[in-house]
Amino acid sequence: MVEYYNENNKNKKFRIELLEQEEKLMDMEEAFEKIKSYGEEVVKILKNRKLDIENNKGKYDNIKENTEHFMEIFDKEILTIESKIKSLYDNTVNICLTGAYSSGKSLLINAILGKNILPVSINSETNKMFEISSPKVNERISIDFKISDENSRISWFEEEKKFKFEEGPSENEIRKLIQNKLNKIDKIEQINEILSCLNNEEDISASIDFFIKIKFPVPIDNERIQYKIYDTPGTDSNVDKHKEVLKEALKEQTHSILMFVLTPDKKEGKANNDILKFIKNAEKENKSSIDLGRSIFIMNKIDTVNSDKDKEELKKSKIEEKEEEKENSAISISLEDKKLFFTSASFCYATRIIKNSKEEIYEDIKKNYQVAKFRTLNLKEKYYKLNHIANSEYLTNKMINKCDNEFEKSKDEIRKIEIASGVYALEEEIKSYGEKYSSSVKTFAIIDTIDKTLNTLSNEINLLMKENTKGIEEIDKEINELKKEFENILKKKSEEYIEKIRNENNNKELAKKLFLDEDSIHEKLIEPGKKEIDKVLSGFRNA
């Protein structure tokens, strides 16, 4: 039994009985096999129908000239379903971070990674999309990108303590500029400097494709699930190119978890509203499968809010346009019934840099850590206590209790600050999603793809029927014109003969005996001739 509540009416509590405990899902292995079998059966049916069309293609040529096009549709849909079936065996979960610039997306990712990897700035720094995933066994830490559409790769060579080009244009001015940067780097932690130059140095960035892939260890990975983390440009950038990059980034997401990063001072505004509209429109156009209902909303920089009352108000806030910017199509998203996590990425980042770094720590990191330490140990601030999991009191309390237990059992002050920062709770939710829901999302992807395939084929068939109906009407018209022409010829020749008989009176009796008189010609020639014409032309119509 699980108790739920709705903040809008706290007096209305209701209980819902689950078949199993709340945290347990159905046997995903069984669902896995059933959906896989379903997908394979649909593929088999599509292939058989395609073969039928191919074997009987000649029969359709007289009314449909583009049968080949229809078979191409079959091929495309079959490949799509087969790729989704193969994806069931892929244990990668995509996580896409989006939000206004300076909301701390890149810093939050750095906190999760425990390293200074992505460029961070108070300006709209990110004009590329970064994809971060762990290198596979025997793979090097690397950066994959394109220089003027040519594939390039920079990798870390541990034995030489340097980054080097493994792939890229041999003679290129941009490569030379990047190489000059590499020549000054001798620590793996300086990967941040390489990404900064690819991302934001004007003489280099303009020639670099928007999509940059980074292979670097992701600490939240485990044996069963690996994560790909996507960092995107700020939603409120005034640069058109940034907006296009962001849209392209979200189009790349297929059945992913969206992490919408907010800050107390940027929870409203046209930028956030625009991205929500884009996501909803993309779903309608089948370009994206991002579901806001299972997305995670993150109120970052909560350490900038001192009043407990203000913190509580943030739990009930909305993502919407500012009053003076509102449009008729404005979308308002209430955070009250969403998965909402409160974090201080800067506190967590400082803590993990101090814990993980073997090098000298910068003074600003040390200072930030001291502030985090005071807030946590002296003021007893624990930001995870503000979290709520939609309207579920049970799941909210379960998550908070887990963090409390972890906090209390830890004797390490660094660990305590990590937990109090709220990032630990967020990471646990991400891992829970990966463990419990990735398979179910991928099985849904197959069902969703098959549904879209059926819609596509249905639309193509309707179009084909309309075209065929038009073709049949044209053939009927041609047949009727041919029939009319044949009948006219028959009538003309018959009338010429009858007229000849009328003019030759001495032949009337002989013509009657030979059934060549006017009545006999109508009965024996003209009427049967019309029927034969109908019969022959009907054969053409039904072919």
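This report concerns the structure included in the present document. Remember, predicted model here, so these are calculated numbers, not experimental data.

**Here's the deal with the pattern of salt bridges**
Turning to step 1, where the next piece is worked out: All told, the structure shown has 24 salt bridges when counted by the stated rule.
Turning to step 2, where the next piece is worked out: We note a salt bridge from Lys-402 to Glu-428, for which the minimum N-O separation is 2.7 Å. With Lys-402 in helix H13 (residues 393-409) and Glu-428 in helix H15 (residues 423-503), the pair connects residues that are 26 residues apart, well separated along the chain.
Turning to step 3, where the next piece is worked out: When its relative accessible area of 42% is taken as the criterion, Lys-402 is described as partly exposed.
Turning to step 4, where the next piece is worked out: Note on Glu-428: relative accessible area 19%, which makes it buried.
Turning to step 5, where the next piece is worked out: Between Glu-406 and Arg-415 there is a salt bridge, and its shortest N-O distance comes to 3.3 Å.
Turning to step 6, where the next piece is worked out: Since its relative accessible area comes to 23%, Arg-415 is described here as partly exposed.

**Points about the layout of surface pockets**
Turning to step 1, where the next piece is worked out: Its boundaries defined by the atoms lining it, the largest pocket holds a volume of some 680 Å³.
Turning to step 2, where the next piece is worked out: Of the residues forming the lining of the largest pocket, the biggest block, 5 residues, is contributed by helix H11 (residues 345-356).
Turning to step 3, where the next piece is worked out: Among the residues forming the lining of the largest pocket, the class breakdown is 7 nonpolar, 8 polar and 7 charged.

**As for the pairing of strand E9 (residues 226-231)**
Turning to step 1, where the next piece is worked out: Inspection of the sheet shows strand E3 (residues 92-99) paired to E9 by 6 bridges, in the parallel sense. Paired with Cys-96 across the two strands is Tyr-230, which belongs to E9.
Turning to step 2, where the next piece is worked out: When strand E4 (residues 129-133) meets E9, the two strands line up antiparallel, connected through 3 bridges. Looking at the pairing, Phe-130 lines up with Asp-231 of E9.

**A look at the environment of Ile-298**
Turning to step 1, where the next piece is worked out: Inspection of the secondary structure puts Ile-298 in strand E11 (residues 296-299).
Turning to step 2, where the next piece is worked out: Taking C-alpha positions, Ile-298 is 6.9 Å from Met-259, a pair spaced 39 residues apart along the chain.
Turning to step 3, where the next piece is worked out: Excluding anything up to four places from it in sequence, Ile-298 contacts Leu-108, Met-259, Phe-260, Val-261, Leu-262, Phe-341, Thr-343 and Leu-426.

**Here we look at the pairing of strand E7 (residues 162-167)**
Turning to step 1, where the next piece is worked out: One ladder, built from 5 bridges, connects strand E6 (residues 150-157) with E7; its direction is antiparallel. Bridging across to E7, Arg-153 finds its partner in Glu-167.
Turning to step 2, where the next piece is worked out: The antiparallel hairpin formed by E6 and E7 contains 4 residues in its connecting segment, where Lys-161 sits at a positive phi of about 55 degrees.

**With respect to the side chain of Lys-338**
Turning to step 1, where the next piece is worked out: For Lys-338, the location among the structural elements is in the loop between strand E13 (333-334) and strand E14 (339-342).
Turning to step 2, where the next piece is worked out: Using a relative accessible area of 14% as the deciding quantity, one classes Lys-338 as buried.
Turning to step 3, where the next piece is worked out: A distance of 3.1 Å separates polar atoms of two side chains, one belonging to Lys-338 and the other to Asp-337.

**Focus on unusual backbone geometry**
Peptide bonds are mostly trans, and most non-glycine residues show a negative phi.
Turning to step 1, where the next piece is worked out: With a phi close to 70 degrees, Asp-149 is a non-glycine residue in the positive phi region.
Turning to step 2, where the next piece is worked out: Its location among the elements puts Asp-149 in the loop between strand E5 (142-147) and E6.
Turning to step 3, where the next piece is worked out: The phi angle at Lys-301 is positive, at roughly 60 degrees, despite the residue not being glycine.
Turning to step 4, where the next piece is worked out: By secondary structure assignment, the location of Lys-301 is in the loop between E11 and helix H10 (308-315).

**So, the sheet that holds strand E10 (residues 257-262)**
Turning to step 1, where the next piece is worked out: With mixed pairing, the 11 strands of this open sheet are ordered in space as E7-E6-E5-E8-E4-E9-E3-E10-E11-E14-E15. Of all strands in the sheet, those with a lone pairing partner are E7 and strand E15 (388-389), marking the two edges.
Turning to step 2, where the next piece is worked out: For E5 and E6, the ladder comprises 6 bridges, and the chain directions are antiparallel. Each residue of the ladder has a partner; that of Ile-147, found in E6, is Glu-150.
Turning to step 3, where the next piece is worked out: Where helix H6 (residues 191-200) meets the sheet, its contacts fall on E4, E5, E6, E7 and strand E8 (211-215), and the angle it forms with E5 comes to roughly 15 degrees.

**Quick notes on H6**
Turning to step 1, where the next piece is worked out: Taken across its 10 residues, H6 has 7 buried, putting it largely inside the fold.
Turning to step 2, where the next piece is worked out: Ile-191, Asn-192, Ile-194, Leu-195, Cys-197, Leu-198 and Asn-199 are the residues of H6 that are buried.

**Overview of the nonpolar core**
Turning to step 1, where the next piece is worked out: Membership of the largest hydrophobic core comes to 91 residues, with the highest contact counts inside it found for Ile-132, Phe-145, Ile-178 and Leu-198.
Turning to step 2, where the next piece is worked out: Core analysis: the next-biggest nonpolar cluster, separate from the first, contains 13 residues, Val-43, Ile-73, Ile-78 and Ile-81 among them.

Reading the values: rules and limits
Per chain, residues are indexed from 1 in the order of the written sequence. The predicted origin of the model limits local features to residues at a pLDDT of at least 70 and limits the giving and counting of side-chain atom pairs to 80 or more, whereas totals for whole chains, interfaces and linings rest on all residues. Think of the side-chain values as coming from all heavy atoms in the structure, minus any hydrogens and water. One side-chain nitrogen of Lys or Arg within 4 Å of one carboxyl oxygen of Asp or Glu is enough to make a salt bridge. By the criteria applied, helices consist of DSSP H or I runs no shorter than four residues and strands consist of E runs no shorter than two, each listed in order from the N terminus. Relative accessibility thresholds used throughout: buried, under 20% of the residue-type maximum; exposed, over 50%; partly exposed, between the two (1.4 Å probe, protein chains only). Both cavities and pockets are sets of points on a 1 Å grid over the protein atoms alone; in a cavity a 1.4 Å probe fits but cannot get out, in a pocket the set is open with protein on both sides within 12 Å along at least five of seven lines, and lining residues sit with an atom within 4 Å of a point. Grid points are joined across faces, edges and corners, and a volume is the space filled by probe spheres set on the points. As a working rule, the residues Ala, Val, Leu, Ile, Met, Phe, Trp, Tyr, Cys and Pro are called nonpolar, Asp, Glu, Lys and Arg charged, and the rest polar, with Gly in that last group. By the convention used here, strands pair only if DSSP detects at least 2 bridges between them. Working rule for contacts: check all heavy atoms of both residues, and any pair within 4.5 Å makes them a contact. By the criterion applied in these results, polar contacts are pairs of N or O atoms within 3.5 Å in which, for protein atoms, one can donate a hydrogen and the other can accept it, and in which residues neighboring in sequence qualify only through two side-chain atoms. A fitted line through C-alpha atoms serves as each axis, taken over the contacting stretch for helices, and the angle formed by two N-to-C directions is quoted from 0 to 180°. Working definition of a nonpolar core: buried Ala, Val, Leu, Ile, Met, Phe, Trp, Tyr and Cys residues. They are joined through side-chain atoms within 4.5 Å.

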